[in-house]
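# Structure at a glance
Spelled out, the chains give:
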Amino acid sequence: MSAFWKIAVIGSGPAGFYATGELFRQQSWSFKVDMFDRLPTPYGLVRGGVAPDHQKIKSVAKIYNRIAENKDFRFFGNVEFGKDIFRSDILEFYDLVIYAVGSPSDRSLKIPGEELPGSHSATEFVAWYNGHPDFSEHKFNLSAKNVFVIGMGNVALDVARILAKTPDELSKTDIADYALEKFYESKIENIWLVGRRGPLQAAFTPVEVREFLELKNADVMVEGGTLQLDVESQRFIETTASKDTKKNYEILKEISKNNKYKKKKRVHFLFLSSPIEILGSKCVEKIRLVRNVLVKRDDGTIYPKATGDFMEENADLIFRSIGYHGNPLPEIPFDQNSGTIPNECGQIIDKRKDKLLRTREYVTGWIKRGPTGVIGTNKQDAVETVNRMLKTIIQEKLKPMEQNDNSVFESLLKERNVDFVSFEDWKLLDEYEINNGNSQDRPRIKVTSIERILEIIQEKKRK
Ligand code: NAP
């Protein structure tokens, strides 16, 4: 009988890697992990989502590289679940599976005019400037003067900061080359960040908002009175508010003291306002907003209530940044509302079958808990999932499959003409990108088309 458990991990972002690391950490168990990703490159949002000027955050990939060095790990990039491989394949060749596919879509504002050209999701823009192959052909009007970013989370701040930076600042990052070119032509003057609630409810974190005080060529301001606190909020900040909320508020107060506007661009923080309509005949021209007041619900939550006070501003480009949303996977239960796979501590719940638990299928990361938390949050999340998996194996007296041959799945992919990328292949591309970046004093120059990535790997292998 096979002495090890074969695990398939679907998705190679932080969630997938932390789950793999956690499996390999188990002293009394033997696991072999095959990790699959739709893209030929690993690391998910670390490559395609983390802002290019946040290289320190990206260095977490070193941890994933160490996990990938384990002799019992294999990577199959350029393999899509639901197109190249299916649930039935996974259940036939693997003992257990962990879905770690993240939340690749976005949420919409559901307001008139949202579909006009010039109105985009932050998700698209972030993926575009990060060189994600699916988005490299997208077009954004950076000759716009007035840009609105809706939302007060860290993604909204990333988008606003990247728009506010000078091309020279960006040229030292690994931003996609085509995006950098467009940033050199940018005519952007005003960047508005719009939050529907107040400064104490902002979802961003202090480190991220502080960066706005350090922008070379953009002044930053808080719009008209939106830092003033009502009685309830004042009491909250003095008592129960978290350390981060207090810090955020202090930084915003520092920002609001700035009254010397000398730089080319301006970033405006506007709280207590919601977009209600995007106006324009052929494309985005204006945005209509309503001012809100804060109201406390019986359960203690604070929600924004529209007043009769409206404002209309010129807008040429709008990004909604109001949270990511998961996509369903074929044959896997899905909760459309939360955009997650229903689960109990990471074990998939099959709702259609009276909440029966699927014994061999697990989830971790954003597709498990929703798009919240920082990269490190996925580590604790993976621990919970793996613990649940081990507990189920014991409780259900599961046995590993007898077939020992680790090459069967590889043969299946070859039979299906799937041009998969191994971790060694990826390292060849990695080296190529880093070498190209060295000559320009950049961390790397990303290759942004799948076709070209595969070509480079083949060229490198022939050498
Ligand atoms: P997020 O943190 O959930 O923020 C979403 C923002 O959208 C909130 O301000 C929310 O306001 C607002 N919003 C939601 N629905 C809205 C609506 N209908 N109209 C107007 N505003 C609306 O999401 P995110 O920014 O996408 O970030 C996702 C996760 O990734 C977060 O955990 C974030 O911290 C993390 N992340 C971290 C970093 C970093 O560490 N540097 C960078 C990027 C992302 P309400 O609070 O009023 O709902």
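Counting of residues starts from 1 at the beginning of each chain's written sequence and follows it residue by residue. Reporting of local features is limited, given that this is a predicted model, to residues whose pLDDT is at least 70; pairs of side-chain atoms are given and counted only at 80 or more, and all residues count toward the totals for whole chains, interfaces and linings. For the side-chain quantities, the full set of heavy atoms in the structure was used; hydrogens and water were omitted.

Any two rings among Phe, Tyr and Trp, with Trp reduced to its six-membered ring, count as a pair given centres within 6.5 Å; such a pair is stacked if its planes are under 30 degrees apart, edge-to-face if over 60, and tilted if neither. For the structure shown, the criterion picks out 31 aromatic pairs. On the numbers, 6.1 Å between centres and 45° between planes, the contact of Phe-140 with Phe-319 is tilted. Here Phe-319 lies in strand E14 (residues 317–320) and Phe-140 lies in the loop between helix H6 (122–129) and strand E7 (146–150), a separation of 179 residues in the sequence. One aromatic cluster in this structure is built from Phe-17, Tyr-18, Tyr-43, Tyr-64, Phe-73, Phe-75, Phe-423 and Trp-426. For a lysine, the NZ atom is tested; for an arginine, the CZ atom; a charge sits over a ring if that atom is within 6 Å of the ring centre and within 35 degrees of the ring normal. A cation over a ring is seen here: Lys-6 above Tyr-94, with NZ or CZ 5.5 Å from the ring centre. One cation-aromatic arrangement involves Lys-32 over Phe-4; the distance from NZ or CZ to the ring centre is 4.7 Å. In this text, helices come from DSSP runs of H or I with a minimum length of four residues, and strands from runs of E with a minimum of two, each type numbered from the N-terminal end.

Glancing now at the site of the ligand. By convention in these notes, a residue is near a molecule or strand provided one of its non-hydrogen atoms lies within 4 Å of it. Residues in contact with the ligand amount to 23 residues; listed here are only the nearest, Met-152, Arg-196, Arg-197, Glu-208 and Gly-373. Residues adjacent in sequence count toward polar contacts only when both atoms are side-chain atoms; beyond that, a polar contact is any pair of N or O atoms within 3.5 Å, and within protein one must be able to donate a hydrogen and the other to accept it. One nitrogen or oxygen atom from the side chain of Asn-154 is found 3.0 Å from an oxygen atom belonging to the ligand. Using a 1.4 Å probe, accessible areas were evaluated by the Shrake-Rupley method; residue-level cover was limited to the displayed protein chains. In the complex, 80% of the free accessible area of the ligand, which totals 920 Å², lies under the protein chains. Counting residues per element, the shell around the ligand draws most heavily on helix H7 (residues 154–164), at three residues.

Positive phi, close to 90°, is recorded for Tyr-43, a residue that is not glycine. By secondary structure assignment, the location of Tyr-43 is in the loop between strand E2 (31–36) and helix H2 (45–48). Judged by relative accessible area, Tyr-43 falls into the buried class, the value being 5%. The backbone phi angle of Lys-110 is positive, close to 60°, even though this residue is not glycine. Residue position: Lys-110 is located in the loop between strand E5 (105–106) and strand E6 (119–121). A residue is classified by how much of its surface remains accessible, and Lys-110, at 70% relative accessible area, is exposed. For every residue, the accessible area (1.4 Å probe, protein chains only) is compared with the maximum for its type, and the residue is labelled buried under 20%, exposed over 50%, or partly exposed between those bounds.

As a further point, take the sheet that holds strand E13 (residues 302–314). Here the rule is simple: two strands pair whenever DSSP picks up at least two bridges between them. Taken in spatial order, the three strands of this open sheet run E11-E12-E13, and their pairing is antiparallel. The open sheet terminates on both sides in strands that have one partner only, identified here as strand E11 (273–279) and E13. Here the strands of the sheet are splayed against their neighbours by 25° on average, with no regard to which way each runs. Across 10 bridges, the pairing between strand E12 (residues 286–296) and E13 is antiparallel. Bridge pairing in E13 links Lys-286 to Asn-314. Interaxial angle, 0 to 180 degrees, is taken between N-to-C directions of lines fitted to C-alpha atoms, where a helix line uses only the stretch in contact.

Nonpolar cores are built from buried Ala, Val, Leu, Ile, Met, Phe, Trp, Tyr and Cys residues. Side-chain atoms within 4.5 Å join them into one set. Grouped together as the largest cluster of nonpolar side chains are 53 residues, with contacts concentrated most on Leu-163, Phe-183 and Phe-269. Broken down by element, the residue count for this core peaks at seven residues, all from H7. For this analysis, residues touch if any pair of their heavy atoms sits within 4.5 Å. Other than its neighbours up to four places away in sequence, Leu-163 contacts Phe-125, Leu-142, Val-147, Val-149, Phe-183, Ile-188, Ile-191, Lys-265 and Phe-319.

Moving on: the layout of surface pockets. Over the atoms, a rolling probe the size of a water molecule traces out where space has been left empty. Estimates place the volume of the second largest pocket at around 340 Å³. Taken together, the elements giving at least two residues each to the lining of the second largest pocket come down to H2, helix H3 (55–58), helix H4 (61–68) and helix H16 (423–438). Broken down by element, the residue count for the lining of the second largest pocket peaks at four residues, all from H16. Lys, Arg, Asp and Glu make up the charged group, whereas Ala, Val, Leu, Ile, Met, Phe, Trp, Tyr, Cys and Pro make up the nonpolar group; the residues left over, Gly among them, are polar. Considering only residue class, the lining of the second largest pocket consists of six nonpolar, three polar and eight charged. Computed over the protein atoms alone on a 1 Å grid, cavities are sets of points where a 1.4 Å probe fits but cannot get out and pockets are open sets with protein on both sides within 12 Å along at least five of seven lines; a residue lines them when it has an atom within 4 Å of a point. Grid points are joined across faces, edges and corners, and a volume is the space filled by probe spheres set on the points.

Time to look at the sheet that holds E14. Judged by pairing direction, the sheet is parallel, and its six strands sit side by side in the order E6-E14-E7-E8-E10-E9 without closing on themselves. For this open sheet the edge positions go to E6 and strand E9 (218–222), each flanked by a neighbour on one side alone. Here the strands of the sheet are splayed against their neighbours by 20° on average, with no regard to which way each runs. By the bridge criterion, four bridges tie E7 to E14 in an arrangement that is parallel. Along E14, the bridge assignment pairs Phe-148 with Ile-318. Where helix H12 (residues 243–257) meets the sheet, it contacts E9 and strand E10 (265–270), and its direction lies at approximately 115° from that of E9.

By convention here, the domain bounds are inherited from an automatic or database domain assignment. Domain parsing of the chain yields domain 1 (5–104 + 326–421) and domain 2 (107–322). A separation of 33 Å is found between the C-alpha centroids of domain 1 and domain 2. Tallying the contact residues gives 13 residues for domain 1 and 17 residues for domain 2. When the two sides are added together, the surface that domain 1 and domain 2 hide from each other amounts to roughly 1,100 Å², 50% of it contributed by carbon and sulfur. Buried area, as used here, totals the accessible surface that two parts lose on assembly, with accessibility defined by a 1.4 Å probe and the loss added over both.

Further remarks concern the packing of helix H1 (residues 14–24) against H4. Remark: H1 packs on H4, axes separated minimally by 10 Å, with the N-to-C direction vectors making an angle of 45°. By the angle between their axes, H1 is oblique relative to H4. Helix-helix and strand crossings are classified by hand; for H1 and H4 the assignment is left-handed. For the pair H1 and H4, the contacting residues are Pro-14, Phe-17, Tyr-18, Thr-20, Gly-21 and Phe-24 in the first and Tyr-64, Ile-67 and Ala-68 in the second. Counted by class, the contact of H1 with H4 contains seven nonpolar, two polar and no charged residues. Any angle that falls under 35 degrees is termed roughly parallel, while one over 145 is termed roughly antiparallel, one within 65 to 115 roughly perpendicular, and all others oblique. Definitions for this section: a left-handed crossing has its near helix turned counterclockwise from the far helix by less than a right angle. A right-handed crossing has that turn clockwise.

Since one α-helical turn is 3.6 residues long, residues separated by three or four positions face the same way. Among the residues making up helix H15 (residues 408–415), those that are buried are Phe-409, Leu-412 and Leu-413. Taken down its axis, H15 places every buried residue within 100° of arc, on the same side. For H15, the exposed residues lying more than 90 degrees away from the buried face are Lys-414 and Glu-415. Asn-417 sits one or two residues past H15 and shows a positive phi near 55°. Arc, as used here, means the arc of the directions from the helix axis to the C-beta atoms.

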